[in-house]
Amino acid sequence: MFEELNNIAGWSLKNLPTNKMILISDWNTDASFLLHHFLAFYLKANSKVVLAHAAQSFIHYNLACSRLGVNLERSRNNGDLIALNLLDASLQQYVEGSCENLSLDSEYCLNFLFGDNSLKHLFKVFKRCVENTKDALIILDDVTLFLGLGVSQKDLNYFVHYMDVLCKSNNCTFVTLFHQNFAPDISEPSPYLCCQLYASYEIEVKGLESGYSKDVHGVLTLKSKETKGIKTYQPHKLMHYRLTDRSLQLLAPGTSSAVL
Amino acid sequence: MLEKLLSGEETSRLVLICDDQFTNGSTLLRAFARSLIKRGCQLHLFCFEQHPTNFVNHLNLHNDSNVHVHDFYSDPIGWNDGDGCLLGSRLFDINSKVNQEQAGGSNTAVVIDSLSITLQTCESTSVCQQLHKLSHNQRVIQTVMLHHTHLHVDDVTKRLSHISDSVLKLNLTSSLPKITFSKKSVHDGTICVTVHRKLNGKVFLSEEKVEILSDSSVEACPWQQDPLSAQTGGISLNEEPDVTSEANLTFNLNLSVREKKERSKLVMPYIKASEEEKVEIHRSTGGGGKIFYEPDDVDDFDDEDPDEDLEF
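In the nomenclature of an unreviewed UniProt entry, chain B corresponds to Elongator complex protein 5 from the organism Clavelina lepadiformis. Taken from UniProt, the Pathway (unreviewed entry) comment for chain B reads in full: "tRNA modification; 5-methoxycarbonylmethyl-2-thiouridine-tRNA biosynthesis." Looking at the Sequence similarities (unreviewed entry) heading of the UniProt record, one finds this comment for chain B: "Belongs to the ELP5 family."

As named in an unreviewed UniProt entry, chain A is Elongator complex protein 6, taken from Clavelina lepadiformis. Heading Pathway (unreviewed entry) of the UniProt record for chain A holds this comment: "tRNA modification; 5-methoxycarbonylmethyl-2-thiouridine-tRNA biosynthesis." UniProt annotates chain A under Sequence similarities (unreviewed entry) with the comment "Belongs to the ELP6 family."

Participant: Requested: an account of the interface of chain B and chain A, with residues and values cited.
Facilitator: Tallying the contact residues gives 38 residues for chain B and 35 residues for chain A. A combined buried area of about 3200 Å² lies between chain B and chain A, and 63% of that area is made up of carbon and sulfur atoms. The largest share of the area that chain B buries against chain A comes from Y73, W79 and Q120 of chain B, three residues that together contribute 25% of it. The interface formed by chain B and chain A includes 0 salt bridges. The tally of links from chain B across to chain A stands at 6 residue pairs in polar contact (both at pLDDT 80 or more). Where the side of chain B that touches chain A is concerned, the elements lending two or more residues are α2 (25-38), α5 (116-121), β6 (166-172) and β8 (203-212) of chain B. The element best represented in the side of chain B that touches chain A is α5 of chain B, accounting for 3 residues. In terms of residue class, the side of chain B that touches chain A is built from 17 nonpolar, 16 polar and 5 charged.

Participant: Break down the packing of aromatic side chains for me, with residues and values.
Facilitator: In the structure shown here, the tally under the stated rule is 13 aromatic pairs over all chains. Just above the ring of F58 of chain A sits the side chain of R76 of chain A; from NZ or CZ to the centre is 4.0 Å.

Participant: How would you summarise the nonpolar core if you had to cite specific residues and measurements?
Facilitator: Residues and elements named next belong to chain A. Membership of the largest hydrophobic core comes to 43 residues, with the highest contact counts inside it found for F126, I138, L140 and F159. Elements represented by at least two residues in this core include exactly β1 (21-27), β2 (49-53), α6 (120-130), β4 (137-140), α7 (144-148), α8 (153-170), β5 (173-179) and α9 (191-198). No other element matches the 8 residues that α8 contributes to this core. Residues contacting I138, with those up to four places away along its chain left out, are V50, F126, V130, M163, L166, C172, T173, F174 and V175. Grouped together as the second largest cluster of nonpolar side chains are 42 residues, A45, L51, L72 and I203 included.

Participant: How would you sum up the sheet that holds β4 of chain A? Please name residues and give values.
Facilitator: Residues and elements named next belong to chain A. Reading across the sheet, the 9 strands line up as β3-β2-β4-β5-β1-β6-β7-β8-β9 and stay open at both edges, with mixed pairing between neighbours. Taken across any chain shown, the strands that pair with only one partner, and hence form the sheet edges, are β3 (81-85) and β9 (248-251). With strand direction ignored, the average angle separating the axes of adjacent strands in the sheet is 20 degrees. Strand direction decides the pairing type here: β4 and β5, joined by 4 bridges, are parallel. Looking at the pairing, L140 lines up with T176 of β5. Helix-sheet contacts for helix α2 (residues 33-44) involve β1, β2, β3, β4, β5, β6 (201-206), β7 (218-224), β8 (237-243) and β9, and the interaxial angle to β4 is about 160 degrees.

Participant: Any chance you could break down the side chain of H196 of chain B for me, citing the residues and the numbers?
Facilitator: Topologically, H196 of chain B is positioned in strand β7 (residues 190-197). In terms of polar contacts, H196 of chain B uses its side chain to reach the side chain of S166 of chain B, at 2.8 Å.

Participant: Summarise unusual backbone geometry; cite the residues concerned and give the values.
Facilitator: Phi at N132 of chain A takes a positive value of approximately 60 degrees, unusual for a residue other than glycine. With respect to the element layout, N132 of chain A can be found in the loop between α6 and β4. Positive phi, close to 75 degrees, is recorded for S114 of chain B, a residue that is not glycine.

Participant: Break down the confidence of the model for chain A for me, citing the residues and quoting the values.
Facilitator: Residues and elements named next belong to chain A. When pLDDT is averaged along chain A, the result is 83, and 88% of the positions lie at 70 or above. When mean pLDDT is taken per element in chain A, β5 scores highest with 93 and helix α5 (residues 86-96) scores lowest with 69. The low-confidence segment residues 99-106, where pLDDT is below 50, has 14 contacts with residues more than four positions distant or belonging to other chains.

Participant: Provide a residue-level description of a negative patch on the surface, including the pertinent values.
Facilitator: Residues and elements named next belong to chain B. Taken together, the side chains of D296, D297, D299, D300, D302, D303, E304, D305, D307, E308, D309 and E311 make up a negatively charged region of the molecular surface. Mapping D300 onto the fold places it in the segment after α11 (269-287). Given a relative accessible area of 70%, D300 falls into the exposed group.

Participant: Which residues make up the sheet that holds strand β5 (residues 140-148) of chain B, and what are the values?
Facilitator: Residue and element names in this part refer to chain B. With mixed pairing, 9 strands are arranged side by side in an open sheet as β3-β2-β4-β5-β1-β6-β7-β8-β9. For this open sheet the edge positions go to β3 (67-71) and β9 (218-222), each flanked by a neighbour on one side alone. Each strand of the sheet is rotated relative to its neighbour by a mean of 20 degrees, with strand direction disregarded. One ladder, built from 5 bridges, connects β8 with β9; its direction is antiparallel. If you follow K209 over to β9, its bridge partner there is C221.

Participant: I'd like a rundown of empty space enclosed by the protein, residues and numbers included.
Facilitator: Evaluation of the coordinates by the stated rule reveals 2 cavities of 30 Å³ or more. What the largest cavity holds in volume is close to 70 Å³. For the largest cavity, the full set of lining residues is N157, H161, C194, L197 and Y198 of chain A together with F48, E49, S114, S116, I117, Q120 and L151 of chain B. For the lining of the largest cavity, the secondary structure elements donating two or more residues are α8 and α9 of chain A together with α5 of chain B. In terms of lining, the second largest cavity is formed by T11, S12, R13, D165, H196, R197, K198 and L199 of chain B.

Participant: So what's going on with the environment of K44 of chain A? Residues and values would help.
Facilitator: Residue and element names in this part refer to chain A. Here K44 lies in helix α2. Given the relative accessible area of 36%, K44 is considered partly exposed. Sequence separation of K44 and A31 is 13 residues, and the distance between their C-alpha atoms is 21 Å. Within the structure, the side chain of K44 is placed 3.1 Å from the backbone oxygen of L68, a separation counted as a polar contact.

Rules used throughout
- Residues numbered from 1 in each chain as written.
- Chains lettered and ligands numbered in written order.
- Predicted model: local features only at pLDDT ≥ 70, side-chain atom pairs only at ≥ 80, totals over all residues.
- Heavy atoms only, no water.
- UniProt positions renumbered as here; feature names shortened; annotations may be inferred.
- Contact = heavy atoms within 4.5 Å.
- Buried area = accessible area lost by both parts, 1.4 Å probe.
- Salt bridge = Lys/Arg side-chain N within 4 Å of Asp/Glu carboxyl O.
- Polar contact = N/O pair within 3.5 Å; in protein donor to acceptor, adjacent residues only side chain to side chain.
- Helix = DSSP H or I, 4+ residues; strand = E, 2+ residues; numbered from the N terminus.
- Nonpolar A, V, L, I, M, F, W, Y, C, P; charged D, E, K, R; others polar.
- Phe/Tyr/Trp six-rings, centres within 6.5 Å; stacked < 30°, edge-to-face > 60°.
- Lys NZ or Arg CZ within 6 Å of the ring centre and 35° of its normal.
- Core = buried A, V, L, I, M, F, W, Y, C linked by side-chain atoms within 4.5 Å.
- Buried < 20%, exposed > 50% of the residue type's maximum accessible area, 1.4 Å probe, protein only.
- Pairing = 2+ DSSP bridges.
- Axes fitted to C-alpha atoms, helices over the stretch in contact; angles between N-to-C directions.
- pLDDT = per-residue confidence, 0-100.
- Patch = residues over 30% accessible without salt bridge, like charges linked within 9 Å, V, L, I, M, F, W, Y side chains within 5 Å.
- Areas by Shrake-Rupley, 256 points an atom, 1.4 Å probe, with all protein chains shown as cover.
- Lys, Arg positive; Asp, Glu negative; His and termini not counted.
- Charge placed at Lys NZ, Arg CZ, Asp CG, Glu CD.
- 1 Å grid on protein atoms, 1.4 Å probe; cavity = no way out; pocket = protein on both sides within 12 Å on 5 of 7 lines; lining within 4 Å.
- Points joined across faces, edges and corners; volume = space filled by probe spheres on them.

Pasting the structure below:
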């Protein structure tokens, strides 16, 4: 897990963000390294984690998290981690037309592929996973993927609303990733805006406008929502970042070794 | 205008609060709800977007017996019940609910925390019809609703604005997504553009800077857009003196009124020069005109007549 990010956001192993939706968004870069952070962070805090992975395999996450000091395989065997393999489920369902042979964890949550066209079942699976637990974390590794699989923007908005309800009622946290480059229907407002509406925190990651740099990998902005004021977000905390296998280095703009 | 609408001094049956991704209209909605309760109204609160308990807690009420909460947040389309979608029919029966629960008095008010889910579920025209009916319900003195303009196409906002008596549109004076390192972004304010239609048909437009005070009350003061930024088409920054930088200075940057007067009296050297020039020109026009030529040292005089080939 990335200590520097936690320090800036005011999170720690004893002070986990609960009851909240955290939106990770990226533009011209890949922010999935933050998913690894949240996985490792919550597992180290002995919280229950539900990982629904549709963009990457479990092996990928296991490898990434092992560098952050967490063994996902062991956590899954201990019951701390529930992995919903939506990647295989979607393929199997698409090829075979049914999902009877699938294991319990993926079930029929991808019914939208065959006409149901809603994420209701996925929500219900999440709900069942976090029942009777506190401070659980639900990670959906790529919410934009569903838009490409035929889920309408409206249904995605419903899903986000119900995830917010689940977070508030079960005291859990929902983390998801939205690729801002993905614009399915430009005539309608982007579902990204709906995700933003429900998110208490947004971590926005962008590539550098000036192009690739060895010392600075991009710009990371942490936005936290204001509840009392009339502005939606408090002043942003904007930082340059440099990512290594095991750490995330956050720098004030203009203070990287390449500049100084 | 905003404060008059809040206090009830200005009558408005249907108030639409429009916000976007940079502004938070729910604070203003709560201010309206608080004001309606203070005025002794029976408040029907329709929560679609925030948990009702959360909304009521933020109202900071000592006695919430006048608040009737209708929870549409927990299960707006029936996913939690497992009995399928109950779109439209269940979602927007506000009118009948108000009629049913009405105890007999005529001081009922309705506050709707975001129309977004309703507008996604139902046709915007039918929502407008329902709201129109509600605004003409004699039992309801005021309906206040929140609308997120960025989540819907412009037509929906136009329809809702058309049926509303007052439209309060919240804007930031400076756009937040443009990330700047200047201190000005810290001084950003929120502007409320109010379009209010009176019962006699007169339309009022006002632009006010809105502040939420520490006791959650709303303070509004008139605001005018900076003409320079209006010309360039940008969103204006309300120019406030940068207190932090001036505080660190060892000298005074500002002038007092007396100093300004004295400055205006001072005749600058270039002004004097131009006055002398004027006098010279005046003299020359009055005297008929003469040319004086003083040859330079390097001038060579030619005795030949330069016009001899012209055969005068």
